[in-house]
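The lines below spell out each chain.
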Amino acid sequence: MKNRSELIALFERKATEVAEREIKGVDESTVMSALGIDSLGMLELVGTMEKELGIHIPDDQLVGLTTIKDLIELIEERAAA
Amino acid sequence: MGDSRLAEKVYRAYATFFDQAEAERRWNPYRDVPWGEINREVSDDLILVAETFCAVESYLPDYVAKGINLVRKSFGQAWFAANWAYEESKHSIALQEYLVRSGRRTEEQMFDLQDRLKELEWKLPFETARQMTIYGCFQEMATFYIYVRQEARAQTEGDGALRTIFRLNARDEIAHTHFYEDVVKLLLEEDRAGTLADIALVTRGFRMPAADLVPEYDERVAVMREAGIDRDTFLQKVYFPVLKYLGVTRRELVEAAEADRKPRTAQPYRTGEIETWRTTTLGSPRRGKT
Ligand SMILES: [Fe+2]
Ligand SMILES: [Fe+2]
């Protein structure tokens, strides 16, 4: 499993692909909606990360994510599951 | 499967929808709302909700004109659009009637609002019939959910008339959702990859109708607080349930979106009978964010 900075790097790479513009400078406190990717775009972004990491996050757990930290913790939890 | 088989199935979906509508869902905004149960003291917020959704519903001429043109070659969908327009027309009439009868707006204010609304024109958020059908699933379901929540609120505030309007509107909206979902299921059977790509496209560009047209929409939603629909609610109550009904997974959509981002060879985005679902006048489908 990747460590947190690797997960953030992966997030930035996937966010750049999905948003079709460069996204960097993300850290754990970044609020996802502030990145200018709308909520449904975020869903696609999380989906690409799940695919790359070989994990599955149940739909209901995708509700209530605010910061990158929320997402990373969820990924860590699912990877450990 | 040929084009005519698809057309037949869509027509059957429409026949089922229309039969049920005629048998179980007809209502009269003047006679079926208990106007005597208006509570003249309901909160300003609730009035703002009624007025805002009256405004959103008032773009009907644009929704109808543009929508029906897109599907004119599909008998089932074109007749659905005609019937849909009739049902939708009652939603704004009932809300407008409420605002005036409750004494919270004058007739003049309502006509002024209608005039202001007409200064702007609603445009199709997506370009093909298939994309708009998918959009219809999410939009109708979101509207259904909003009305259901407002029905509960009108009940809490003791207004039987407004409660009934929200309930009747909601009942129509969920019927519209199911028709669109049934058609999208048929389209998935016909061309799963293409339909998935369109679901991914619509997902990325989704916005509620007329959000950028209704005067002060964002301020209205901010004041109305829970009348809008936030991200999490949209996912839980609208997006995931629709995907589940369609039998589509998020993983499939991610793959479709990834394939879509890869450079494409010029030719056909969609082929064969699906072409008939696309208007001939709008050109090729828009790619990327809308
Ligand atoms: Fe409506
Ligand atoms: Fe509707």
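Attention here is on the structure that accompanies the text. Nothing here was measured: the structure is a model prediction, and the numbers come from that model. (Residues numbered from 1 in each chain as written. Chains lettered and ligands numbered in written order. Predicted model: local features only at pLDDT ≥ 70, side-chain atom pairs only at ≥ 80, totals over all residues. Heavy atoms only, no water.)

**Here we look at the packing of helix α7 (residues 160-190) of chain B against helix α10 (residues 231-246) of chain B**
All names here are of chain B.
Point 1. As a packed pair, α7 and α10 sit with axes 9 Å apart at the nearest point and diverge in direction by 50°. Classified by the angle between their axes, α7 and α10 sit oblique to one another. In this structure, α7 meets α10 at a crossing whose hand is right-handed. Listed contacts from α10 to Glu-181, Asp-182, Val-184, Lys-185 and Leu-188 of α7 are Val-242, Tyr-245 and Leu-246. (Axes fitted to C-alpha atoms, helices over the stretch in contact; angles between N-to-C directions. Helix = DSSP H or I, 4+ residues; strand = E, 2+ residues; numbered from the N terminus. Parallel < 35°, antiparallel > 145°, perpendicular 65-115°, else oblique. Left-handed = near helix turned anticlockwise from the far one by under 90°. Contact = heavy atoms within 4.5 Å.)

**With respect to the nonpolar core**
Inside soluble globular proteins, nonpolar side chains tend to come together where they are buried.
Point 1. In this structure, A:Phe11, B:Leu95, B:Tyr98, B:Phe138, B:Ile199 and B:Tyr239 are the most contacted members of the largest nonpolar core, which totals 113 residues.
Point 2. Filtering out sequence-adjacent residues up to four positions away, B:Tyr239 remains in contact with A:Leu40, A:Leu43, B:Phe138, B:Thr203, B:Phe234 and B:Leu253. (Core = buried A, V, L, I, M, F, W, Y, C linked by side-chain atoms within 4.5 Å. Buried < 20%, exposed > 50% of the residue type's maximum accessible area, 1.4 Å probe, protein only.)

**Let's talk about the coordination of the iron ion (ligand 1)**
Where a metal carries four tetrahedral donors, each ideal angle is 109.5 degrees; where it carries six octahedral donors, the ideal angles are 90 or 180 degrees.
Point 1. Here the iron ion (ligand 1) is held by B:Glu57 (OE), B:Glu57 (OE), B:Glu88 (OE), B:His91 (ND1) and B:Glu173 (OE), and the distances to it run 2.0 to 2.6 Å.
Point 2. In primary sequence terms, the donor set of the iron ion (ligand 1) follows E-x30-E-x2-H-x81-E. (Donors = N, O, S within 2.8 Å, 3.2 Å for Na, K, Ca; no water.)

**Quick word on the interface of chain B and chain A**
Point 1. Facing 18 residues of chain B, the contacting portion of chain A comprises 23 residues.
Point 2. Between chain B and chain A, the buried area comes to about 2000 Å², and carbon and sulfur atoms account for 51% of it.
Point 3. Area buried by chain B at its contact with chain A is led by B:Arg204, B:Arg231 and B:Arg250, which between them contribute 34% of it.
Point 4. For the interface between chain B and chain A, the tally reads five salt bridges.
Point 5. In this structure, the salt-bridge partner of B:Arg250 is A:Asp59, at a minimum N-O distance of 2.8 Å.
Point 6. Across the contact surface, chain B and chain A share seven residue pairs in polar contact (both at pLDDT 80 or more).
Point 7. When residues of the side of chain B that touches chain A are traced back to their parent elements, those giving at least two are α8 (192-205), α10 and α11 (250-261) of chain B.
Point 8. Taken together, the residues of the side of chain B that touches chain A break down into seven nonpolar, two polar and nine charged. (Buried area = accessible area lost by both parts, 1.4 Å probe. Salt bridge = Lys/Arg side-chain N within 4 Å of Asp/Glu carboxyl O. Polar contact = N/O pair within 3.5 Å; in protein donor to acceptor, adjacent residues only side chain to side chain. Nonpolar A, V, L, I, M, F, W, Y, C, P; charged D, E, K, R; others polar.)

**Some details on a nonpolar patch on the surface**
Residue and element names in this part refer to chain B.
Point 1. A cluster of nonpolar side chains, Tyr-11, Phe-75 and Trp-79, forms an exposed patch at the surface whose accessible area comes to about 330 Å².
Point 2. Structurally, the position occupied by Trp-79 is in helix α4 (residues 75-101).
Point 3. Classification of Trp-79 by relative accessible area gives partly exposed; the value is 47%. (Patch = residues over 30% accessible without salt bridge, like charges linked within 9 Å, V, L, I, M, F, W, Y side chains within 5 Å. Areas by Shrake-Rupley, 256 points an atom, 1.4 Å probe, with all protein chains shown as cover.)

**Quick word on the coordination of the iron ion (ligand 2)**
All names here are of chain B.
Point 1. Ligation of the iron ion (ligand 2) by protein atoms is provided by Glu-88 (OE), Glu-140 (OE), Glu-140 (OE), Glu-173 (OE) and His-176 (ND1), these donors lying 1.9 to 2.7 Å from the ion.
Point 2. Within one chain, the residues donating to the iron ion (ligand 2) are spaced in sequence as E-x51-E-x32-E-x2-H.
Point 3. In this structure, the iron ion (ligand 2) lies 3.9 Å away from the iron ion (ligand 1), the two metals sharing Glu-88 as a donor. In this pair, Glu-173 and His-176 both sit in helix α7, three residues apart, roughly one turn of the helix.
Point 4. Judged by its relative accessible area of 0%, His-176 falls in the buried class.

**Points about the pattern of salt bridges**
Residues and elements named next belong to chain B.
Point 1. Inspection of every chain in the model, using the stated rule, returns 28 salt bridges over all chains.
Point 2. Between Arg-26 and Glu-22 there is a salt bridge; the shortest N-O distance is 2.6 Å.
Point 3. Using a relative accessible area of 26% as the deciding quantity, one classes Arg-26 as partly exposed.
Point 4. Given the relative accessible area of 45%, Glu-22 is considered partly exposed.
Point 5. The partner of Arg-192 in a salt bridge is Glu-252, with the nearest N and O atoms 2.9 Å apart. Of this pair, Arg-192 sits in helix α8 while Glu-252 sits in helix α11, placing them 60 residues apart in sequence.
Point 6. Looking at Arg-192, the relative accessible area reads 33%, which means it is partly exposed.

**Some points on unusual backbone geometry**
Point 1. Non-glycine residue A:Glu20 carries a positive phi angle of around 60°.
Point 2. With respect to the element layout, A:Glu20 can be found in the loop between α1 (4-19) and α2 (39-53).

**Some thoughts on the packing of aromatic side chains**
All names here are of chain B.
Point 1. In the structure shown here, the tally under the stated rule is 21 aromatic pairs over all chains.
Point 2. Ring plane angle 50° and centroid distance 6.4 Å describe the contact between Tyr-11 and Tyr-14, whose orientation is recorded as tilted. Pair noted here: Tyr-11 and Tyr-14 are both in helix α1 (residues 3-24), with a separation of three residues, about one helical turn.
Point 3. The buried category is assigned to Tyr-14, whose relative accessible area is 6%.
Point 4. Ring pairing ties together the aromatic residues Tyr-11, Tyr-14, Phe-17, Phe-18, Phe-75, Trp-79, Phe-80, Phe-179 and Tyr-180, which thus form one cluster.
Point 5. For Arg-101, the ring lying beneath its charged end belongs to Trp-35, and the centroid distance is 4.4 Å.
Point 6. The residue whose ring lies beneath Lys-185 is Tyr-245, and the NZ or CZ to ring-centre distance is 4.2 Å. (Phe/Tyr/Trp six-rings, centres within 6.5 Å; stacked < 30°, edge-to-face > 60°. Lys NZ or Arg CZ within 6 Å of the ring centre and 35° of its normal.)

**Description of α7(B)**
Point 1. End to end, α7(B) covers 45 Å across 31 residues, agreeing with the expected 45 Å (1.5 Å per residue, within 8%).
Point 2. Extensive coverage of α7(B) is indicated by the burial of 24 of its 31 residues. (Expected span 1.5 Å × (residues − 1).)

**Things to note about the environment of B:Ile93**
Residue and element names in this part refer to chain B.
Point 1. Take Ile-93: it is sitting in helix α4.
Point 2. Judged by relative accessible area, Ile-93 falls into the partly exposed class, the value being 35%.
Point 3. Here the alpha-carbon distance between Ile-93 and Cys-54, two residues 39 residues apart in the chain, equals 7.8 Å.
Point 4. Residues contacting Ile-93, with those up to four places away along its chain left out, are Pro-29 and Tyr-30.

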